[in-house]
Amino acid sequence: MRIIIDRDRCIGAGQCVLTAPGAFTQDDDGLVTLLPGHEDGTGDPNVRYVPGACPVQAVTVSDD
Ligand code: SF4
């Protein structure tokens with residue numbers, strides 16, 4: 001699985017973390033980041049739902 005995050009677009013709403021806390025977190029500025037070792041989406045089966053949960057389309061997930 002491939003996760004692309006656009007931190008310039010992120011507004012810190014936190015829906016990604018609420019949806020898939022096993023892979024996503026927020027940095028000190030509240031912006032989206034991936035947990036170390038989970039850049040490929042391992043650790044949370046709900047990663048695929050994050051793009052739909054983010055209000056500003058800052059996360060893209062693909063299967064490759
Ligand atoms: S849900 Fe979207 S806007 Fe909110 S923290 Fe995550 S990536 Fe950023």
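Rules and cut-offs
- Residues numbered from 1 in each chain as written.
- Predicted model: local features only at pLDDT ≥ 70, side-chain atom pairs only at ≥ 80, totals over all residues.
- Heavy atoms only, no water.
- Helix = DSSP H or I, 4+ residues; strand = E, 2+ residues; numbered from the N terminus.
- Rg over C-alpha atoms; globule rule 2.2 N^0.38 Å.
- Buried < 20%, exposed > 50% of the residue type's maximum accessible area, 1.4 Å probe, protein only.
- Lys, Arg positive; Asp, Glu negative; His and termini not counted.
- Charge placed at Lys NZ, Arg CZ, Asp CG, Glu CD.
- Polar contact = N/O pair within 3.5 Å; in protein donor to acceptor, adjacent residues only side chain to side chain.
- Contact = heavy atoms within 4.5 Å.

### What about the overall build of the protein chain?
Per the secondary structure count, the protein chain includes two helices and four strands. Sequence-ordered secondary structure for the protein chain, helices as α and strands as β, is β-α-β-β-α-β. The C-alpha atoms of the protein chain give 10 Å as radius of gyration, which agrees with the globular expectation for 64 residues (11 Å, within 12%). In the protein chain, which comprises 64 residues, the proportion classed as buried is 28%. One way to put it: in the protein chain the 4 positive side-chain charges average out to a point 6 Å from where the 10 negative ones average out.

### A word on unusual backbone geometry
Even without being a glycine, glutamine 57 presents a positive backbone phi close to 55°. Its location among the elements puts glutamine 57 in the loop between helix H2 (50-53) and strand E4 (59-62).

### Structural notes on the side chain of aspartate 44
Take aspartate 44: it is sitting in the loop between strand E3 (32-34) and H2. Looking at aspartate 44, its side chain comes within polar contact range of the main-chain nitrogen of glycine 22, at 2.8 Å. Within the structure, aspartate 44 has its side chain in polar contact with the backbone nitrogen of asparagine 46 (distance 2.9 Å). Look past the residues within four positions of aspartate 44 in its chain and what remains in contact with it is Thr19, Ala20, Pro21, Gly22 and Ala23.

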